[in-house]
Amino acid sequence: NYPEALKNNLASLEICQKIGDKQGIATSYSNIGAIYTKLDNYPEALKNHLASLKIKEEIGDQWGIARSYVNLGMLNIKLNKAFEAKKHLNEGLALSKKIGSKVLIKDAYHSHSLLDSALGNYQQALAHYKLYTNYKDSILNETNSKQITQMKEQYESEKKDKEIVQLTSEKQK
C-alpha cells in the first residue's frame, strides 16, 4: 500500500525534523525515495534519494552512504542514464567493500548485472550476476548457521532445565 506508506513516511520525516534527528531524516528521505521509485515517480524519487545522501554524508553514515549510492544507481537504470547509474553503483560497491557489508555488495552486484544486461554487455552481466548469487548464498548460509546455532543452544538449555526439574523432583521425593 504505497500511498499509505508514503503518508506514514512523510509523517515520520516531519517528526524527525521537529526533534532534529538527522539519521531519522535521512532514513525517511531514503524510504520516501524508494516509495516514489515503486510509484514510477522518478523525479521525486531522485530528489529524496539525493536529500538522504546529503545528510548521510554530513553525519558520516558510511553504510547509509553506500546504500544511497546503490539506490541512486538503480534509479538511474530506470531513468536510462547508464553513465550516472554506473558511477553511483561503482561508488556504492567500493564503499560497501570497504565497510564489509555483504548485503550492500550483493545489491550492488545485482544492480550492475541489470545495468550490463540493459546495455547489452551480457558477459559482464553474467559475471556480475554470479557475484550477486555468491553473496546472496553466503548471506543465506550465514543466516542458516546462526539459526541452527540458536536452535542447538535452545535445545541444550531446555534439556538442562528438564534435568534440573527432574533432579529437584527426585530430591523432594
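Heads up: these notes are all about the structure in this document. (Residues numbered from 1 in each chain as written. Predicted model: local features only at pLDDT ≥ 70, side-chain atom pairs only at ≥ 80, totals over all residues. Heavy atoms only, no water.)

Membership of the largest hydrophobic core comes to 13 residues, with the highest contact counts inside it found for Leu6, Leu13, Ile25, Tyr29, Ile32, Tyr36 and Ile55. Those elements giving two or more residues to this core turn out to be α1 (2-19), α2 (22-38) and α3 (42-59). Residues Val70, Ala85, Leu89 and Leu115 belong to the second largest nonpolar core, which totals 10 residues. (Core = buried A, V, L, I, M, F, W, Y, C linked by side-chain atoms within 4.5 Å. Buried < 20%, exposed > 50% of the residue type's maximum accessible area, 1.4 Å probe, protein only. Helix = DSSP H or I, 4+ residues; strand = E, 2+ residues; numbered from the N terminus.)

This part is about the packing of α1 against α2. At a minimum axis distance of 9 Å, the contact between α1 and α2 shows a crossing angle of 160°. Classified by the angle between their axes, α1 and α2 sit roughly antiparallel to one another. Remark: the crossing between α1 and α2 carries left-handed chirality. Together, Tyr2, Ala5, Leu6, Asn9, Leu10, Ser12, Leu13, Cys16 and Gln17 of α1 and Gly24, Ile25, Ser28, Tyr29, Asn31, Ile32, Ile35, Tyr36 and Lys38 of α2 make up the contact between the two elements. For the contact of α1 with α2, the residue count by class is 11 nonpolar, six polar and one charged. (Axes fitted to C-alpha atoms, helices over the stretch in contact; angles between N-to-C directions. Parallel < 35°, antiparallel > 145°, perpendicular 65-115°, else oblique. Left-handed = near helix turned anticlockwise from the far one by under 90°. Contact = heavy atoms within 4.5 Å. Nonpolar A, V, L, I, M, F, W, Y, C, P; charged D, E, K, R; others polar.)

Taking 1.5 Å per residue, 17 residues should reach 24 Å; helix α4 (residues 62-78) reaches 25 Å between its end C-alpha atoms and fits that length. In terms of burial, α4 is largely enclosed, as 13 of its 17 residues are buried. At the exit of α4 stands Asn80, carrying a positive phi of roughly 60°. (Expected span 1.5 Å × (residues − 1).)

Attention now moves to the side chain of Ser52. Take Ser52: it is sitting in helix α3. Of the residues examined, Ser52 reaches a relative accessible area of 0% and is grouped as buried. Apart from residues no more than four positions distant in its own chain, Ser52 is found in contact with Ala26, Tyr29, Ser30 and Ser68.

The next subject is the layout of surface pockets. Rolled over the atoms, a probe with the dimensions of a water molecule shows which regions are left empty. When its volume is computed, the largest pocket comes out at roughly 300 Å³. What lines the largest pocket is a set of 13 residues, and nearest its centre among them are Thr37, Lys38, Asn71, Met74 and Lys78. At the level of secondary structure, the elements contributing two or more residues to the lining of the largest pocket comprise α2, α4 and α6 (102-118). A total of six residues in the lining of the largest pocket trace back to one element, the largest contributor, which is α4. In terms of residue class, the lining of the largest pocket is made up of four nonpolar, five polar and four charged. (1 Å grid on protein atoms, 1.4 Å probe; cavity = no way out; pocket = protein on both sides within 12 Å on 5 of 7 lines; lining within 4 Å. Points joined across faces, edges and corners; volume = space filled by probe spheres on them.)

Take the pattern of salt bridges next. Evaluation of the coordinates by the stated rule reveals six salt bridges. The residue Glu44 makes a salt bridge to Lys47 at a minimum N-O spacing of 3.2 Å. Pair noted here: Glu44 and Lys47 are both in helix α3, with a separation of three residues, about one helical turn. Residue classification places Glu44 among the partly exposed residues on the basis of a relative accessible area of 26%. For the salt bridge of Arg67 with Asp107, the shortest nitrogen-to-oxygen distance reads 2.6 Å. Here Arg67 is found in helix α4, whereas its partner Asp107 is found in helix α6, with 40 residues between them in sequence. For Asp107, a relative accessible area of 17% gives the class buried. Here the salt bridges do not stand alone but share partners, grouping Arg67, Lys106 and Asp107 into one network. (Salt bridge = Lys/Arg side-chain N within 4 Å of Asp/Glu carboxyl O.)

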